[in-house]
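# Descriptive structure summary
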Amino acid sequence: MEIIPAASAMNWSIELERGLRSKKPGQSVEAILQIGPRLEQLSREPEPTMAVCNMFGLVPGEDRLFANTILLRLAEAFRSGDKHMKVSVLKVFLSRRKMKFRGKSKPRVVANQVELLRKVKMAFNTEDVESRALALYLLGCWADFAKDSAEIRHMVLSTLSSCHILEVKASLFAAGCFSELSDDFANVLLQRLLNLLTSDKTHSAVILAGIRAFAKLGPTPLSANRAYKRGLKLVEQYSDENCLIPLLISLSQLSSKSTLLISQQVELLLSFLTGKATSLMQATVLKCLQFILAGGVCRIPISANLLKRYSYMACLIYLAWTCLNLPLPDSGRLESEVKEEGQHLLKILLLMVEKHPNLTVWMLEKTFSSIEYLLNKQIVGFEGEEWFSSVTMKLLVFLHKFVRACIEKRNEAALSNQVKVLIEHIQESSFINYYTRTVYSLLLHSCFISCLSGNDDKDIPSRDKDVGKSFKKCLVDQEIIALELAKKMLEEKEYWFVWKAGKYAATCGSWFMAAFIFGEITNKFQSKVCSWWLKSLAEFAHSEWRLQLILLEKHGSGLTNLLKMKNITIPLRDDLGEISEEIASNFHSASYTEELVAAYSGIRSSGEKLAEILISNQDFFFQRWFLNLRSQVLETVVDLLRILNSDSAMYFLTKRSFQLKRLAQEYDLLATSFIDMDYKSSRTVTFLAISCSLLAFSTGFPLLINGSQVCSNSMLIQPLLRQLWNIDHETCSDLMLLLGLSEPESCFHLQSRNQTFEAREIIKVCSYAVKRYVGLKKKSEGENKKNLGQLTNESLQLIFDILKRWLSIPSRVPNYFFYPRHCVGSELFAFNNDTRKPDATMMVLPGCQLSLSLCLQMKNIPSELPVKITKLYCILHSSTSFDMSKLNGESKEKSQSQLRFQDWTIDEMVDLNEKLHHYVSETAENTKHRRKRDDDNNGLSINSFVCFELNERRQGFSTCLLDVSAFPMGCYRIKWHSCCIDNHGSYWSLLPLNSGPVFTIHKCIGK
């Protein structure tokens, strides 16, 4: 358990005092700089509760006392120290100000404000100009309480008339800081600034500092509007670009504080793009437009006229991307700078497409124009060609991501043709490297697969069947092109690019190329771990290839023949041509089932290979879990095919339906158990969960039609309805009618973040399955028992149809799969009044409740997350069946000392997660804790739910009572599971990374 800053405050204060008193050169400065981050930690922490104080042996209020002591020591060091000490103290508080500006620091009430200001005034009342300037800068950092002192306000304003430029600039900084917090002070400063900026006697350095302070004159929309109007008059007066550029930046910042000013500022900025504007001015204007588009537009409703204007802005951003961001090398631009700007522009454009899908086609046209521009500019050639080529490669990869996102958003035939022309142009460009050509060549893969997936040949008109065959041929052609490019990369020994291409191919579902690449580079690395990792990937990709060959039927066999002709050999196997068109088209044959068995056996084997190289159980946890789920699903599908071909299908369907429902729950748990997973990867896992729910729903058809009591409508329909919510409204309406609902279930308001994507392939199958089931259900309601047998046979045949469509959908691997890392999870530490060590066994008297002080610590969380975590929840679960006193001595010792999260079975995590999710969805807002006692098959069990407030280190503290009063004497383990809620209201499961606490019920505590 990590020590909280409040528990370290006393030691930090003592270390600072020792450092300040040290006579060793530089020691005092080092001590001051060291205390800065520690003060930040203290300022970000909530007030310790009594339970937290008890855990760490603190006196309430102790942390505030030592924090104020540290501030006083720093103020005294600033007053009495030399220039280096003053600068060091200022750096500490400048850093704190930046953290407050970014919202990462919470201001605390300072107890000794008068004394702190007195010491700074003493430093100001000297003859040294630098000391006076440093004091003003420090007062600006303390603006939250310094602004309330009339004497300090007067001191800051009067220094604006100083004859020393250094003092005036410092005074402008302090005055700007005060203006951000005080509307009255901002009005006074506005008049003083206008006098300074319009005076002929004002030095240019002061003018620039004053213009920068102009951006801070908007603490309220009214004051921002007033300052903006005065700033517009300054724009008319300035002709010097050195003043005009920072003024436009300040006005853009002011306009972002009031929605009424945004359109006016856009018009102003666009006016500077006409005429003879320099490249520097154009670049500044475009960056200001980019700032407004990212911060201002998203907060206001966009009218048609305004949207047209912002579309023009997007076009200008593309112009900046292709022209202004690619100057000659003598401009001093670094590749890293261009890369960062390109990524930021890409995010803005993706946001526009997400918010306004009708812009997708137009955006793509502009993207293609930008790529054409890059290609043509390279062909012309000029000095600095090598630098330009390197930057162009990076920008082409960024643009590729945007094109792919647009294709997924609007999968239209016209887009496919445009993309095909683009790819041909890129393939003809000799200066583009093989990797860039490869990723562009795979762009059409998703388009073709989407057209082939989720359909059954008998439902497709003959004209469309010809189109389907054409798509299959095009898909094979694209695979050949990509494989040839991969082979050239291997010949050039560009193994890093080969690896990246293999990853990308797997995420696209291009298993031909993935199998080839992973097989070829398996022995190219000396590391044993890397080698086994690649062997596992190669076997996995090869197994998925077998399934894809079935989809392509005769074209798949033709592909293997073409590969042999071109001398491209797929490692591991050379007999893939045996999957003939006859096997692929005969869904009921034993050979078809054998191919599926070979596929899931290979996937299972690939997971077992990873298990052989584990150093800790957390290694490759996501990968092993993903592979295991994939093999289980395919194995269940094989069982279903065998059952449906038997005479006793109805008897075994119930078990398979529940198995698939359980697998869907596992996929849901997988999707929500890795908060650091990227959005696209999370979509992929959610797509797999939906596919399992569909199979569970479909497998229960015959049971529901026959009125079986083993499974109800809600058990099979509700999970699918919840997952399709906000994705396919038409199908959800049909499902709700089957449930007899007119309004959505209340539990649907809290879901994972992946509820708006368009999984076209699975949605087609879901829509088909639900509509067919609705038809059968209506028939069954009006039929007598004699005709139910025929309806049962129809429902069994329907399962065949759905399975065939389901198998036609290619598997895709989430990008997260290729980044092995430690599991994101949490550790639970429990204390009661008799223990201070979290690993100690807690004691309780028979018939009493167990009082617990809890600390929940998140672990392995990346420093930068796309979401902000707001709350933690935990379920505590114990049962009389968990009695450890029945174990022998050796087993008990092992259980207590070595239990880790791997000892939690997946089934236990699924069950606890379901209960926790339900609690958070239904009752989290009403109660802080809830206790429940149940009788299960293994004896008495109890559940307790706890809510935690999160601190800066993603650590939460709380207390609860565990009702174990009915437990007999013995030693019991508490199992637990936790979750967190982010700022979007999304639910994330946290894997348990340590053992649960142990408690003993004994008559004589302490003996």
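Above: the structure in question.
Right, let's walk through the structure included here.

Conventions and cut-offs
- Sequence order as written defines residue numbering, which begins from 1 separately in each chain.
- Per-residue local features are limited, in this predicted model, to residues with pLDDT of at least 70; the limit for side-chain atom pairs, both in listing and counting, is 80 or more; totals at the level of whole chains, interfaces and linings are taken over all residues.
- Water and hydrogen atoms play no part in the side-chain values, which are based on all heavy atoms of the structure.
- Each residue is assigned to one of three classes by its accessible area relative to the maximum for its type, calculated with a 1.4 Å probe on protein chains only: buried under 20%, partly exposed between the two thresholds, exposed over 50%.
- A run of H or I in DSSP counts as a helix once it spans at least four residues, and a run of E counts as a strand once it spans at least two, with each numbered from the N terminus.
- For two strands to count as paired, DSSP must find a minimum of two bridges between them.
- Axis angles are defined between N-to-C directions and span 0 to 180 degrees, where every axis is a line fitted to C-alpha atoms and, for a helix, only to the segment in contact.
- Oblique is the label for any angle not covered by the other classes, which are roughly parallel (under 35 degrees), roughly antiparallel (over 145) and roughly perpendicular (65 to 115).
- Working rule for contacts: check all heavy atoms of both residues, and any pair within 4.5 Å makes them a contact.
- Think of it as three bins: nonpolar holds Ala, Val, Leu, Ile, Met, Phe, Trp, Tyr, Cys and Pro, charged holds Asp, Glu, Lys and Arg, and polar takes everything else, Gly as well.
- Classification of ring pairs uses Phe, Tyr and Trp, with its six-membered ring standing for Trp, and accepts pairs whose centres are within 6.5 Å; under 30 degrees between planes counts as stacked, over 60 as edge-to-face, and the remaining range as tilted.
- Criterion for a charge above a ring: Arg CZ or Lys NZ at most 6 Å from the ring centre, at most 35 degrees from the ring normal.
- Only buried residues count toward a nonpolar core, which is a set of Ala, Val, Leu, Ile, Met, Phe, Trp, Tyr and Cys residues joined through side-chain atoms within 4.5 Å.

## Details of the pairing of strand β3 (residues 850-859)
Counting buried positions along β3 gives 8 out of 10 residues, so the element sits mostly inside the fold. Note: strand β1 (residues 825-831) against β3, 7 bridges, orientation antiparallel. Within the sheet, the bridge partner assigned to A830 lies in β3 and is L854.

## Details of the packing of helix α6 (residues 113-124) against helix α7 (residues 129-141)
Relative orientation of the contacting elements α6 and α7 amounts to 155 degrees, with a least axis distance of 8 Å. In terms of their interaxial angle, α6 and α7 are classed as roughly antiparallel. For the pair α6 and α7, contact is made by L117, V120, A123 and F124 and by S131, R132, A135, L136, L138 and L139, respectively. For the contact of α6 with α7, the class distribution of residues is 8 nonpolar, 1 polar and 1 charged.

## Quick notes on the environment of Y228
Of note, Y228 is situated in helix α13 (residues 221-237). Exposure remark for Y228: the relative accessible area of 0% places this residue in the buried category. Linking Y228 and G218, residues 10 residues apart in sequence, is a C-alpha distance of 8.7 Å. Residues in contact with Y228, not counting those within four places in the same chain, are L251, L254, S255, L261, Q264, Q265 and L268.

## Considerations on the sheet that holds strand β8 (residues 970-973)
Strand order in the open sheet formed by 3 strands is β2-β11-β8, with mixed pairing between adjacent strands. Sheet topology places β2 (842-844) and β8 at the edges, where each strand pairs with a single neighbour. On average, each strand axis in the sheet is inclined to that of its neighbour by 25 degrees, with strand direction left out of account. For β2 and strand β11 (residues 998-1001), the ladder comprises 3 bridges, and the chain directions are parallel. Residue pairing across strands places V844 opposite I1001, the latter belonging to β11.

## Focus: the environment of V946
Its place among the elements puts V946 in strand β6 (residues 939-950). For the pair V946 and F957, spaced 11 residues apart in sequence, the C-alpha separation works out to 9.7 Å.

## A look at the packing of aromatic side chains
Under the defined criterion, the tally for this structure stands at 28 aromatic pairs. One Lys or Arg, R805, reaches over the ring of Y768 and ends 3.6 Å from the middle of that ring. Between the NZ or CZ atom of K975 and the centre of the ring of F882, over which it lies, the distance is 4.8 Å.

## A word on the nonpolar core
One finds Y440, F518 and F817 to be the most contacted residues of the largest nonpolar core, which totals 138 residues. Residue contributions to this core peak at 14 residues, all from helix α31 (residues 621-644). If we skip the residues at most four places from it in the chain, Y440 touches I371, L396, L399, H400, L422, I423 and I426. I70, W142, A146 and V266 belong to the second-largest nonpolar core, a separate cluster that totals 93 residues.

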